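So you can see what is in the structure, the chains are spelled out below.
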Amino acid sequence: MAATSMKWQRSITMRGLIALAALSAGLSVPALASAQNVIVLGVRSLDGDDDFARNLTGGLRHAAAQVDGWEVSDREVTLAQMALAHGCDDPNPGCMAEIADSLSAERVIYGDVRRTSAGERFDFSVNLHLFNGDSDTIEHSVADTIPAVRSDIDDLRGHVRRYIAALSGAPRVGSLRIAVNVPGAEVFVDGESVGRTDAEGTLLVENVETGNRSVRVAAAGHQGIRSTIAVEAYGEASFDAELDQTSSGGGDVPTDLLLGSGLLVLAGGLTAAWIYSWYHVTVDIQNDDLVVMARENAFRGEDICEKNIIGRDAMGRLSVANEDLHGLCREAGTYEILEFVFGISAAAAAGVGAYFLVQALMGDDAQGDSAFMLIPSITPDGASLTARGSF
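Thresholds, definitions, all that
- Here the residue numbering is sequential within each chain, running from 1 through the sequence in written order.
- A pLDDT threshold of at least 70 governs which residues receive local features in this predicted model, and a stricter bar of 80 or more applies before side-chain atom pairs are shown or counted, although totals over entire chains, interfaces and linings include all residues.
- Each side-chain value is worked out from all heavy atoms of the structure, with water and hydrogens disregarded.
- Pairing between two strands requires that DSSP report at least two bridges joining them.
- Each helix is a run of H or I in the DSSP string that is no shorter than four residues. Each strand is a run of E no shorter than two, and both are numbered from the N terminus.
- All axes are obtained by fitting lines to C-alpha atoms, using only the stretch in contact for helices, and the reported angles, taken between N-to-C directions, cover 0 to 180 degrees.
- Whether a residue is buried, partly exposed or exposed follows from its accessible area with a 1.4 Å probe, protein chains only, as a fraction of its type maximum: under 20%, in between, or over 50%, in that order.
- A contact between two residues is defined here by any heavy atoms of the two lying within 4.5 Å.
- A pair of aromatic rings is counted whenever rings of Phe, Tyr or Trp (Trp by its six-membered ring) have centres within 6.5 Å, and the orientation is called stacked for planes under 30 degrees apart, edge-to-face for over 60 and tilted otherwise.
- Residues enter a nonpolar core if they are buried and are Ala, Val, Leu, Ile, Met, Phe, Trp, Tyr or Cys, with the set joined through side-chain atoms within 4.5 Å.

To summarise the sheet geometry, strands pair through backbone hydrogen bonds and adopt either a parallel or an antiparallel arrangement. Taken together, four strands build an open sheet; the order of strands is β9-β8-β11-β12 and the sheet is antiparallel. Across the chains shown, the open sheet's two edge strands, defined by having one partner strand only, are β9 (192-196) and β12 (225-231). When the angles between neighbouring strand axes are averaged without regard to direction, this sheet yields 30 degrees. Inspection of the sheet shows strand β8 (residues 186-189) paired to β9 by four bridges, in the antiparallel sense. Residue V189 lies in a different strand from β9, and its bridge partner there is E192.

What follows is the structure, given as structure tokens:
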């Protein structure tokens, strides 16, 4: 009985192992089958530039072999051969479907090149396509122009990498190569730090979003520099610059710092003059005995400075009291004007001075995406200073 039990347990164990192995094999099949069979047909030259077409084809096959999920065939078949074999000079989708079936390929890369001019000076016009053998459609296409002087296979490496990236449906990004005269300089793209230059002052930034990008380079002891660089899909943009050294003299003070500090001091003086003008009108003059007495004798709503002018004798002369009151009224009017001028000037000087001071203190960082502004506002009733910042 015990022997029978042991055999039964051993049988169950073996069955479990076999089932587990079968399950593992089943799970591994989709992973192996996920690779797409791709063939790169030899590029067809329409003007007899066979050497250039061969160099371009070789570069395309090498770049295609680097794409994850692609199993690139090593068969050296040309588009011209396959088009002749299938009787289709124009490789339309129907013809390409027959070619894909005959080659047992899920994806077919093909194309042609022609000269841009019939004269001695010309470039090469390149047209490439990726044909989907499953859906019998052209998935992606690439059109480009290559200078005739750059037809060597070494010159074509950058081009074919971009072409294969576009044909494979890779994200439409580019790269940015920075070259400056300072090792260890920090590079910012659209306000975000992307790394530092190496010992030779270069940095390659991959996967940069296409379009116009704001590039800034900063280094200790050097003046920062910034520019706007256009990055094309699957291309490599370059930014070469020379960073100038900042002055090492201890007595040198940045112009922005001097100007900002001076304007803030001026703003303080103007503010003091504004306060004095306001105090002299609202406290000294308004509390003068003549003004207080005239205010008590005036009807409600009357302007005492207007009323005292009426109090003249037959000769049109002001009395001594009215003449003194009239002088106080004129003095109050003058200080009210000065009060307004001092207030406006103080707000403007403070705003501009603070701006220059922030620029001096923040240095190159003030040129990035962060921004700080002081905006003076002037109205007939007064003046104000508004601070705005974005970080």
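Picking up after the structure, the text goes on.
A word on helix α4 (residues 93-103). Turning to α4, its buried residues number three or more, namely C95, M96, A97, I99, A100 and L103. Buried residues in α4 make contact with β1 (36-40), α3 (79-85), β4 (107-115) and β5 (123-132). Just downstream of α4 lies S104, where phi reads positive at about 55 degrees.

Strand direction decides the pairing type here: strand β11 (residues 211-218) and β12, joined by seven bridges, are antiparallel. From the neighbouring strand, G211 faces β12, where its bridge partner is V231. Two successive antiparallel strands, β11 and β12, enclose a turn made up of six residues, where G221 displays a positive phi of approximately 80 degrees.

Considering all chains together, one arrives at four aromatic pairs under this definition. On the numbers, 4.0 Å between centres and 10 degrees between planes, the contact of F52 with F124 is stacked. Here F52, found in helix α2 (residues 50-64), pairs with F124, found in strand β5; they are 72 residues apart in sequence, far enough to count as distant. Each member of the pair, F52 as well as F124, is classed as buried. A ring pair is formed by F122 and F124, whose centres lie 5.5 Å apart and whose planes are at 80 degrees; its orientation type is edge-to-face. Across this residue pair, the class does not change: F122 and F124 are buried. These aromatic residues form a ring-pair network of at least three members: F52, F122 and F124.

Membership of the largest hydrophobic core comes to 28 residues, with the highest contact counts inside it found for L56, L60 and I164. Those elements giving two or more residues to this core turn out to be β1, α2, β4, β5, β6 (137-147) and α5 (157-167). Take this core: its biggest share by element is six residues, from α5. If we ignore the near neighbours within four places in the chain, the residues touching I164 are L60, A63, A64, V67, W70 and I109. Counting 19 residues, the second largest nonpolar core, distinct from the first, contains V180, V182, V215 and F239.

A separate point is α5. Buried residues of α5: H159, V160, Y163, I164, A165, A166 and L167, and no others. Elements that come into contact with the buried residues of α5 comprise α2, β3 (70-72), β4, β5 and β6. Once α5 ends, the next one or two residues include G169, with phi positive near 80 degrees.

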